[in-house]
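Structural description and commentary
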Amino acid sequence: MTLNNINTERANLNSYGSGSYLASDVTVLLDIVEKDAVADVPVNQKEALIQSGQRHYSDMLTLEQAPSAMHEQLYTQALAQGAIRAATDIADLAYTLHHVFQKDVNDEHPLLLVSLVRAGLPIGVLLQRALADSSNNYALPSVHYGISIIRDRGLDPLALQMLLEAYPNSPIVFVDGWTGKGAIYQELARSLEVFSDPDHCNFANIFHQGAGVIPLLTLADPAGVAWLAASEEDWLIPSGLLNSTVSGLISRSLYSEPQSGLHRSVFYDNLVEADHSLAFVDHIDATRRNLTKAPQCLPMFKQPRYQTADLIDKLAAEYDITNRNRIKPTIAEATRAILRRDPERILLATANHPDTILLRHLCAQRNITMSVLGDKILPYQAITLIKQRTKDH
């Protein structure tokens, strides 16, 4: 491909939107559709359709409402409590990426940060800002895009192909917020198998850390599957407490067949007044720039460790769950499941852990059973079990 063709491809990519982020923060490769074009499926109905196998979760959407005043207050507390940690983690991740890629990228062939929509978006924006910050010792040429990944259906192949054509000589790092059971890692690995032949023209874009190494970066990696993560702890990542209002006002992605175009998403223009997306990244980014502690190089892992797989198996056996999709571990996933799904009970490591205040508040509000299991569920602080609506598939 000629340089003119590559520049044309890049210009075409930049015609896509950025949600409520700045154009310099990210380009989101999604087909944004009107809310009116999407059926608003109530949670109970959606749950029954998913568990009966009649519909896939990515074919339906329960339209989001603005967070309650209590929810907003708890998010604000989490941001105050976790800003320095999040900023330090971003600095360490950026420093490590600089260490790994400084000899391989330049302005013409930048590092390609590809955030998995949508939990990866705030983390990817923060990394993009950190790498673009010439005042530190870890600046690196990079560009940032967001693309959809859907459990059982994979990474949006059309979006990935568009990026590979526009940046044929750039290494790709996939960015997510956290890992739960490792399901998205496995989905990512399956989607990238097509590039695994060393003779494939895009092998080096993806397998730059070695054959079989999936370049997934996360802020937190309790499941032990990421190539690079700031920690393996389950902690209260502030962006994990909100949905679209901290992710560029973009909905969870909806599946489209590849021949029909990109995966779809709704832009919640009705939630603009409740949007924290830019304020969140501005706050963490400013905190990062004011850090006095020098960044450190983080460990990297060639292969997943799946360190919580046995725990998930034990919980599935104990609660008679054959469909692992009903188990939602980590504070973020457990909280989101209460807001978006139909939970049966919540498992907690500690009765009064400060990181689970919102979770416990929501449980009390909806009269959901909470079980305190102590070390039994560590490293997770919280796990939501989704109510069984029909026989597990």
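Residues numbered from 1 in each chain as written. Predicted model: local features only at pLDDT ≥ 70, side-chain atom pairs only at ≥ 80, totals over all residues. Heavy atoms only, no water.

1. So, the side chain of R118
What counts, and what does not: Numbering of helices and strands runs from the N terminus; a helix is a DSSP stretch of H or I covering at least four residues, while a strand is a stretch of E covering at least two. For every residue, the accessible area (1.4 Å probe, protein chains only) is compared with the maximum for its type, and the residue is labelled buried under 20%, exposed over 50%, or partly exposed between those bounds. Residue contacts are counted whenever heavy atoms from the two residues lie within 4.5 Å of one another.
By the element assignment, R118 lies in the loop between β3 (111-117) and α4 (120-132). The exposure class assigned to R118 is buried, which follows from its relative accessible area of 6%. Setting aside its immediate chain neighbours within four residues, R118 contacts E64, N243, S244, S247, I250, S251, R252, R336 and R340.

2. Points about the packing of aromatic side chains
Defined as follows: Put simply, two rings from Phe, Tyr or Trp (the six-membered ring, in Trp's case) pair if the centres are within 6.5 Å, and we call them stacked under 30 degrees between planes, edge-to-face over 60, tilted for the rest. Note on geometry: a ring has a charge over it if NZ (lysine) or CZ (arginine) is within 6 Å of the ring centre and within 35 degrees of the ring normal.
A full pass over the atoms with the stated rule returns 4 aromatic pairs. An angle of 75° between the planes, with centres 6.3 Å apart, marks the rings of Y185 and Y306 as edge-to-face. In this pair, Y185 sits in helix α6 (residues 183-192) while Y306 sits in the loop between α8 (277-289) and α9 (309-318), placing the two residues 121 residues apart along the sequence. Using a relative accessible area of 7% as the deciding quantity, one classes Y185 as buried. When the ring centre of Y255 is taken as origin, the NZ or CZ atom of R153, which lies over that ring, is 4.4 Å away.

3. Details of the sheet that holds strand β13 (residues 382-386)
Let me state the cut-off plainly: At least two bridges found by DSSP between two strands are what make those strands a pair. Angles shown run from 0 to 180 degrees and are taken between the N-to-C directions of axes, each axis being a line fitted to C-alpha atoms and, for helices, limited to the stretch in contact.
As summarised here, the arrangement of the 4 strands in space is β10-β13-β11-β12, forming an open sheet in which the pairing is mixed. In this open sheet, the two strands that pair with only one neighbour each are β10 (327-329) and β12 (369-372). For this sheet the average axis-to-axis angle between neighbouring strands, irrespective of direction, equals 20°. Where β10 lies against β13, 3 bridges are found, and the strand directions are antiparallel. Bridged to K328 within β13 is T384. Each of β11 (343-348), β12 and β13 touches helix α11 (residues 357-366); the most contacted strand, β11, lies at about 145° to it.

4. Focus: helix α5 (residues 157-166)
The test is simple: Under the rule applied, a polar contact is a pair of N or O atoms within 3.5 Å (in protein, one hydrogen donor and one hydrogen acceptor; residues adjacent in sequence only if both atoms are side-chain atoms).
Restricting attention to buried positions, one finds in α5 the residues A159, L160, M162, L163, L164 and A166. Measuring from the side-chain oxygen of the N-cap residue of α5 to the backbone nitrogen of L158 gives 3.1 Å; that N-cap residue is D156.

5. What to know about helix α10 (residues 331-340)
Most of α10 sits out of view: 7 of its 10 residues are buried. For α10, the complete set of buried residues consists of I331, A332, A334, T335, R336, A337 and I338. The inward-facing, buried residues of α10 contact β6 (172-178), β10, β11, α11 and β13.

Such coordinate-based values are descriptive only and should not be taken to indicate function.
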